[in-house]
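The residues making up each chain are set out below.
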Amino acid sequence: MTLTTAAVLPDAPAPLNGPVVQAVVVTSGTHSGLRALLDSLAASAARPDRVVVLDTSGPDGSASAAELVAAATSPSFPVDHVAVDPRMPDRAAVTQWVRSADLADDDLVWVLPVGCVPEPQALTRLLAAHRRSPSVGVVGPKHVDASDPGRLRSVGITVTRTGRVVEDPPLGEPDQGQYDLRRDVIAVPLAGLLATVRVLRELGWERSFGDLGGDLDLGWRAQLAGHRVVVAPDARLRSVASLGLATATTPARRRAARRVALTRAPSWQAPFLALWVLVSSVAAGVGLLLLKRPRAAAQTFADLGALNPVTGVLARVRSRGSRELGHGDIDTLFVPGSLVVRRALDRAHEAIVAPTRLPDEGSRDDESSSLSRALAHPGVLAVLAVLAVVVAAGREIGGDLLGRLGSGVTGGELVASPATSGSLWSAAFDGWHGTGLGGDGAASPALALLAVPTWLVEQLPGGSDVTSPAGALVGALLVLALPLAALSAYASSRVLTTSRALRGVAAVLWATTGAAGASVAQGRLGALVALILLPVVLGGIVLIARPTGTATGAFATALGAAALGAFAPPLLALVVLCCLGVAVVCGAEARARALVPAVVAPLLLGPWLADVADDWALAATGPGLSAWSPNDTEPLALALLHPGGVGSTPWWVGAAVVAAGLAGLLGQRRARSVSTGAALLAVLSLAGVLLAPRLDLAASTTSPGGAVTPWVGTFILPLALALIAAAVLGIQSLTGRVRPAAAVALGLVAAVSAGALGWFGFDDRLSTWSDPRPAVAVEQAGGELANRTVFVTPGPSGAAYRVVGRETGELARILPQPLTGDALIAEDVSGLLDGTRPDAGVRLAQQAVGFVAVAQGAGDEVARTLDSARGLSRLASRGGYDMWRIAAVGTATNRAVAPSRLTIVTGRDTAAVATTGQNGATSTTVTARRGDVLTVAEPPRWADHASVKVDGRELRALADAPQPTYPLTAGEHELTIDVEPQHPWWRLLQGLAVLVVGFLAIPFGTRTFRSGR
């Protein structure tokens, strides 16, 4: 606190023959404090000549007030009792009494509402301040807190020219004499006001402005009428909270002060002032919203209610009077706007940035280096331990680490492809998307979330040379998922215990137990992300259930839950159930916070909800979260956190975790606790574990194949987390020597789990991916031709094929999808292999198939058939496939070197059109002759999702054409083809919602600032 030198003024006793002082006591509808006020007046160093009690308590309380007055009356201290209308406000009652009483114009009226107590020298010093200048018409005291006289309430009323009330001094600031030099002010509060009868009779209070606004209006008009308004800081008045108002504590008072400024401004300035109030209120409100102060922003926006012209005009008419001074003569009484701006910026800085600690605050022993302290931190040790386990367990994965990070990983549930951020974005949002010939089926919302970090990978040095940026991202995730899961669990377990060592043990246990290793070994992309996000989301639910929870935490939890739901939809359902449970059990504020993630998180997934409504199976699985073969693991082993398959630790490791969790649950005695929530989560997760192998997801699809079920590991993850949390809480509830022993036992379980995962390893199901296509096929697919390659693999029941182009699909298997687009070329592929269709090569070229790759196990007969096929020429074998190139359609000498996605057809000749985007999208210049048509090598349904424009004019596809075909006019044209997004307006709203929730989720400012708003 900055100390200032206070002005020391000598006491000026009241003149013996001075003006008569009439002390007017207003009961304000209550008698509490009346006797104390009368006693303080009787004990005052300078007594008023007369005391009048204006009783507004009504008939029921008038007798009590009269008794108090009679008890306080003495020959030397006369007190009169006057009953007034109880519906009359205090200021109106004083005005009416002054105008009706037999008083001289030079008499002084001292207004004292019940609830304030003047100190003995207060009247003496008020009279001294009035006596110093004949121009003084109104004097006010310094208001201090009635319960703590050392703290200030007000020293006059301070406002800007536009009516913005400035809290100066701040409410509750210690009184150290720092405001004792203040004299002239624009107005003073009603309580303790000393004014001449002439001022009150001529001016009075305007009733439409309320309490604070009425006091401001009286002082403003008094200044313009030539009556100075001063404050006497040495005259102290002890006031309760409702008196001595000099701050706009409510929106109504803020608006009233604004209306006073608009009413008392010059007529020609009022419109400009109103415009300024409008602009500044909106700007300040928006700024407060950006500072995440919704309540303060709502109050600022409420200032717009002051722009009611009727109230101001009527008040101006009712209170017209003589004006001795110009408006510019009182400019020095207003607070400069620049000072308000500086104070606002200072408060924003204090709220957003935590105060800087002094060097000696919280100092630690600096004998050890920062590096050694970091390495000894349990959280760092847990992450390093898990990283060592990953290195040991991944010893059998094919390919080196740098190769995995550069090209990506294939095998297990992973679907490797040369995916980029642009292809992922297109696959997530375009109406026609996917690999091969594409389709319009549901796309996982995880693709959009993966596109963002993939773009960051592309911006890294050398990122443009990576074969598959998305594959590199997935490869990095496989390596770092378990260490990041340990870090996430360590940070999130702070809601359970403050013991760092116990949190480190829980982190290692979470990253190595149950389905953690299987998630990596089997390429379960959704489970890898769930390992990182699930502890954070569930920890957020625990926080928002507590009384100290914040709205920021609620929206952050909603954002994390939405991301979790994009990769693991079944876990989002569990999170919603947990939030609803909190809403049912907890109080009103926690209920409101819990409903935020329960409602907002699913809505953030946008149009995917409509896809779930069409196919419920999408909500039961996610990227890599489906089991494509029967799970033969026994139910008991599943309940013991053993999902089966490569990467799973033995059942006895999970049994130790289950035993620790059950022991922790048995030690709890409170029904409404985090342990109870963990128990309920464990029960729900166990039900999911046991039901998942019996739920056939492929029954809702038309694709052939066996049963596809949800992967049990998806539900083992929350089961393991609930058991670990229960074990930690159980240890936390112990006392004495039992607690460290239990913590050591849990640490041994974590060590056994980590050792088992490192010993048994991830197996060799995963390997480094390399593009099986020859370099020329990769170049043409990614270039302007955008053609495709067909890979054929013989099987016992016939040959299977897949089509690979520049487009990207899912990065991990989800559900069987009907390949209606790729099925269009089934007869052509079959006819090409067996030689029954001589035109098969031409027909494939019309579908932009530029290369055919046949597995070398197909036999020599198939190879000889393809060698003799028209339009095919053999290339060098690669990666276990024999390769053939397909020539472009047409006889012209200037035809394209290979089939093209977009083609201009002139009779029997063709000309390639550059393809610049995904799924046939482009923006280029074409030259056409009369009768030319544009063909797009896509299925006919592609035209329903694409917009083809020539020189800005949209074209319609020809009916009954085997491919999307569009007529062209002769000349040079600008061709634009856009694949339109699905549900564009819904996508726009989804993006805005993500931005808003993301902003609300940012922990902006200090925690005190977030909790107090």
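In what follows, the structure referred to is the one given above.
Quick caveat, the model's predicted, so the values are computed rather than measured. (Residues numbered from 1 in each chain as written. Predicted model: local features only at pLDDT ≥ 70, side-chain atom pairs only at ≥ 80, totals over all residues. Heavy atoms only, no water.)

A few words on the overall build of the protein. Assigned secondary structure in the protein consists of 35 helices and 26 strands. Its C-alpha atoms give the protein principal-axis dimensions of about 130 × 85 × 55 Å. Sequence-distant contacts, at least 24 apart, represent 76% of the contacts inside the protein between residues at least 6 apart. About 44800 Å² of surface is accessible on the protein, with carbon and sulfur atoms providing 60% of the total. Mean positive and mean negative side-chain charge positions of the protein (83 and 80 charges, respectively) differ by 5 Å. (Helix = DSSP H or I, 4+ residues; strand = E, 2+ residues; numbered from the N terminus. Contact = heavy atoms within 4.5 Å. Areas by Shrake-Rupley, 256 points an atom, 1.4 Å probe, with all protein chains shown as cover. Lys, Arg positive; Asp, Glu negative; His and termini not counted. Charge placed at Lys NZ, Arg CZ, Asp CG, Glu CD.)

Within the structure shown, the criterion is met by 5 cavities of 30 Å³ or more. Quantified by volume, the largest cavity comes out at close to 80 Å³. Classifying every residue of the lining of the largest cavity by side-chain character gives 7 nonpolar, 4 polar and no charged. (1 Å grid on protein atoms, 1.4 Å probe; cavity = no way out; pocket = protein on both sides within 12 Å on 5 of 7 lines; lining within 4 Å. Points joined across faces, edges and corners; volume = space filled by probe spheres on them. Nonpolar A, V, L, I, M, F, W, Y, C, P; charged D, E, K, R; others polar.)

This brings us to the sheet that holds strand β17 (residues 872–878). Within a beta sheet, neighbouring strands are joined by backbone hydrogen bonds and run either parallel or antiparallel to one another. Strands sit in the order β15-β14-β16-β18-β17 across an open sheet of 5 strands; the sheet is mixed. The two strands at the open ends of the sheet, each matched to only one other strand, are β15 (798–804) and β17. Across the sheet, the mean angle separating the axes of adjacent strands is 25° when strand polarity is ignored. Across 5 bridges, strand β16 (residues 849–855) lies against strand β18 (residues 881–886) in antiparallel orientation. Along β18, the bridge assignment pairs Val 854 with Asp 882. Contacts from helix α30 (residues 775–782) reach β14 (788–795), β16, β17 and β18 within the one sheet, and its direction differs from that of β16 by about 145°. (Pairing = 2+ DSSP bridges. Axes fitted to C-alpha atoms, helices over the stretch in contact; angles between N-to-C directions.)

Our next topic: the environment of Asp 834. Its place among the elements puts Asp 834 in helix α31 (residues 826–834). On the basis of relative accessibility, which here comes to 44%, the residue Asp 834 falls in the partly exposed class. Asp 834 sits 32 residues away from Leu 866 along the chain, and the two C-alpha atoms are 8.6 Å apart. A polar side-chain atom of Asp 834 sits 2.7 Å from a polar atom in the side chain of Thr 836. (Buried < 20%, exposed > 50% of the residue type's maximum accessible area, 1.4 Å probe, protein only. Polar contact = N/O pair within 3.5 Å; in protein donor to acceptor, adjacent residues only side chain to side chain.)

The topology assignment puts Arg 773 in the loop between β13 (767–768) and α30. On the basis of relative accessibility, which here comes to 3%, the residue Arg 773 falls in the buried class. Reaching out from Arg 773, the side chain makes a polar contact with the side chain of Asp 771 at a distance of 2.9 Å. Once residues lying within four places of it in the same chain are set aside, the contact partners of Arg 773 are Pro 418, Val 778, Ala 781, Thr 789, Phe 791, Val 804, Gly 805, Arg 878 and Met 883.

Once that is clear, we can look at the side chain of Ser 519. Relative to the helices and strands, Ser 519 resides in helix α19 (residues 516–521). Every residue in contact with Ser 519, bar those within four places of it in the chain, is listed here: Arg 524, Ala 527, Leu 528, Leu 531 and Trp 711.

Packing of helix α26 (residues 651–666) against helix α28 (residues 713–732) brings their axes to within 7 Å, and their N-to-C directions diverge by 50°. In this view, α26 runs oblique relative to α28, as classed from their interaxial angle. Judged by the twist between their axes, the crossing of α26 over α28 is left-handed. Where α26 abuts α28, its residues Val 657, Val 658, Ala 660, Gly 661, Gly 664 and Leu 665 lie against Leu 723, Ile 724, Ala 726, Ala 727 and Gly 730. (Parallel < 35°, antiparallel > 145°, perpendicular 65-115°, else oblique. Left-handed = near helix turned anticlockwise from the far one by under 90°.)

Before going further, it helps to examine the sheet that holds strand β22 (residues 933–936). Across the sheet, 4 strands lie side by side as β20-β19-β22-β25; this open sheet has antiparallel pairing. The outermost strands of the open sheet, each flanked by one partner alone, are β20 (909–913) and β25 (965–967). Ignoring which end each strand starts from, the neighbouring axes of this sheet average 25° apart. Taken together, the 4 bridges between strand β19 (residues 902–906) and β22 define a ladder with antiparallel strand orientation. In the strand pairing of β22, Ile 904 is matched with Leu 934.

What follows deals with helix α29 (residues 738–760). With 23 residues, α29 extends 33 Å from end C-alpha to end C-alpha; this agrees with the ideal 33 Å at 1.5 Å per step. If you check which residues of α29 are buried, you get Leu 746, Val 749, Ala 750, Ser 753, Ala 754, Ala 756, Leu 757 and Gly 758. Of the surrounding elements, those touching the buried residues of α29 are α13 (378–393), α17 (469–492), α18 (500–512), α19, α26 and α28. Two residues or fewer past α29, Gly 761 is found with a positive phi of approximately 75°. (Expected span 1.5 Å × (residues − 1).)

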